[in-house]
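# Understanding the architecture of this molecule
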Amino acid sequence: MAIQATPAPLFPLATVTTKAWREESLAAADQLSTVTQWLQLIDPPSGGNTTVDLSKQVLEESIRKHLDAVQGVATRKRPSRELPHQGAMVTRVVCRLDAAQLDVLTRAPATYVQSQLPGIQAHVREHLPKGNPQRTEIDRIVDDLSTAGLDDPAKGAVIQAFRGASSEGRRELSRVRSFRNALVISAVVLAFLATLLAIGGFVWTGQLNLCFQPTAEAVVCPTGSTAENVDLLIVEFFGLLAAAVSGASSLRHVRGNSTPFGLVLALSVLKLPAGALTAVLGLQLMRGEFVPGLSALDSSAQIIAWAIAFGAAQQLFTGLVDRRAQTVLDDVGGKTGTPAGASA
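Throughout what follows, the structure given in this document is the object of discussion. (Residues numbered from 1 in each chain as written. Predicted model: local features only at pLDDT ≥ 70, side-chain atom pairs only at ≥ 80, totals over all residues. Heavy atoms only, no water.)

## Remarks on the overall build of the protein chain
When helices and strands are tallied, the protein chain shows 11 helices and zero strands. Along its sequence from the N terminus, the protein chain presents helices and strands in the succession α-α-α-α-α-α-α-α-α-α-α. Here the protein chain holds 344 residues, and 39% of them are scored as buried. Partitioning the intrachain contacts of the protein chain with sequence separation of at least 6 by distance along the chain shows that 74% fall at a separation of at least 24. For the protein chain, the accessible surface area stands at approximately 18800 Å², while carbon and sulfur atoms represent 61% of it. (Helix = DSSP H or I, 4+ residues; strand = E, 2+ residues; numbered from the N terminus. Buried < 20%, exposed > 50% of the residue type's maximum accessible area, 1.4 Å probe, protein only. Contact = heavy atoms within 4.5 Å. Areas by Shrake-Rupley, 256 points an atom, 1.4 Å probe, with all protein chains shown as cover.)

So, in structure tokens, the structure goes:
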């Protein structure tokens, strides 16, 4: 009996990409390709030009197209016309992998889909909330398997539930990307304002200064007894340092995530220009006697110390953003738990 040669791998393992999500996508696509080849062996066409045989060929061709698209995107650099924040490459890979998985389930016999039910049910529970009709239906199907096998209508319901869960999973990723983009844009705007403020300190030193007059004769500035064009820059620098330290400490409450979007990194970057600005604005409030009793600092060291305190105080504002970011991350695959007040 002749032994057929093993087909060449769809994606050469020697090819190393630049991102973890690319490697995960290629591995998932290679696995789906293997499952498709296995299905062709255990459930081959009957050889006739029947509707069933034609549908199997159509699905196999569709799977191949989806996996080729994944391979094409995951192994090439981002097109120059696509900006990093758009996320089109990641979205295309996720959509194609979901479509290929759906085609595999549709192509496979009911016995194979039944063997995959625990994973499919977990996937549905992860992305669809309790009370969702598709989640309720797949739970009922799993409970009924103890008395009957998976028939074609039940198989169709399982596939539709998987489709709904995958669609919701993509929307969750889209929300993470959108929130990440908002953080990045906010950080850029704050950094731009901080830069303008520092430049203004160089140009209009007399008008934009952070000097205090504790007595009628004495004047105290961040770098000495006279206003210098680097005063604002020095204050912003210490505010940025304080924000970096306090921001790093606050990140212990933010859990990591498996999404390809750097949401935690964007949070960290946002805190830096925020700290620089709060340091300047806080000292300006003190100069304007907004805080009674703290309007006349006695030394440059006190000014720098308060700049550090105000820079660290940015956490009072960005802490709200931290909590919102954690809510967005928890929403990714966070439907498994029972909502408060609901029965298990």
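## So, a nonpolar patch on the surface
A cluster of nonpolar side chains, namely Ile 185, Val 189, Phe 192, Leu 193, Leu 196, Ile 199, Phe 202, Val 203, Trp 204, Leu 208 and Leu 233, defines an oily patch on the protein surface of about 1000 Å² accessible area. Among the elements that line the nonpolar patch, the one with the most residues is helix α7 (residues 152–203), at eight residues. Phe 202 sits in the partly exposed class, given a relative accessible area of 41%. (Patch = residues over 30% accessible without salt bridge, like charges linked within 9 Å, V, L, I, M, F, W, Y side chains within 5 Å. Salt bridge = Lys/Arg side-chain N within 4 Å of Asp/Glu carboxyl O.)

## What about the packing of aromatic side chains?
This structure, assessed with the given rule, holds three aromatic pairs. Considering the side-chain rings of Phe 237 and Phe 238, the 5.7 Å spacing of their centres and the 75° angle between planes classify their relative orientation as edge-to-face. With a relative accessible area of 45%, Phe 237 lands in the partly exposed category. By relative accessible area, Phe 238 is classed as partly exposed at 27%. (Phe/Tyr/Trp six-rings, centres within 6.5 Å; stacked < 30°, edge-to-face > 60°.)

## Here we look at the nonpolar core
Membership of the largest hydrophobic core comes to 46 residues, with the highest contact counts inside it found for Ile 120 and Val 158. For this core, the element with the most residues is α7, which contributes 11 residues. When residues no more than four places from it in sequence are discounted, the contact partners of Val 158 are Val 113, Leu 117, Ile 120, Ile 138, Ile 141 and Leu 150. Membership of the second largest hydrophobic core comes to 13 residues, among which are Leu 210, Leu 232, Ala 279 and Leu 283. (Core = buried A, V, L, I, M, F, W, Y, C linked by side-chain atoms within 4.5 Å.)

## Section: the pattern of salt bridges
Within the structure shown, the criterion is met by 11 salt bridges. Note that Lys 56 and Asp 43 form a salt bridge whose closest N and O atoms lie 3.1 Å from each other. On the criterion of sequence distance, the pair formed by Lys 56 in helix α2 (residues 51–74) and Asp 43 in the loop between α1 (20–42) and α2 is long-range, its members being 13 residues apart. With a relative accessible area of 11%, Lys 56 lands in the buried category. A salt bridge links Glu 60 to Arg 107; the nearest nitrogen and oxygen atoms lie 2.9 Å apart. Residue Glu 60 is found in helix α2, and its partner Arg 107 is found in helix α3 (residues 88–107); the two are separated by 47 residues along the sequence. One continuous salt-bridge network, built from bridges that share partners, spans Asp 43, Lys 56, Glu 60 and Arg 107.

## Considering the side chain of Asn 181
Mapped onto the elements, Asn 181 comes out in helix α7. Given a relative accessible area of 14%, Asn 181 falls into the buried group. Within the local environment of Asn 181, its side chain forms a polar contact with the side chain of Arg 180, the two groups lying 2.9 Å apart. (Polar contact = N/O pair within 3.5 Å; in protein donor to acceptor, adjacent residues only side chain to side chain.)

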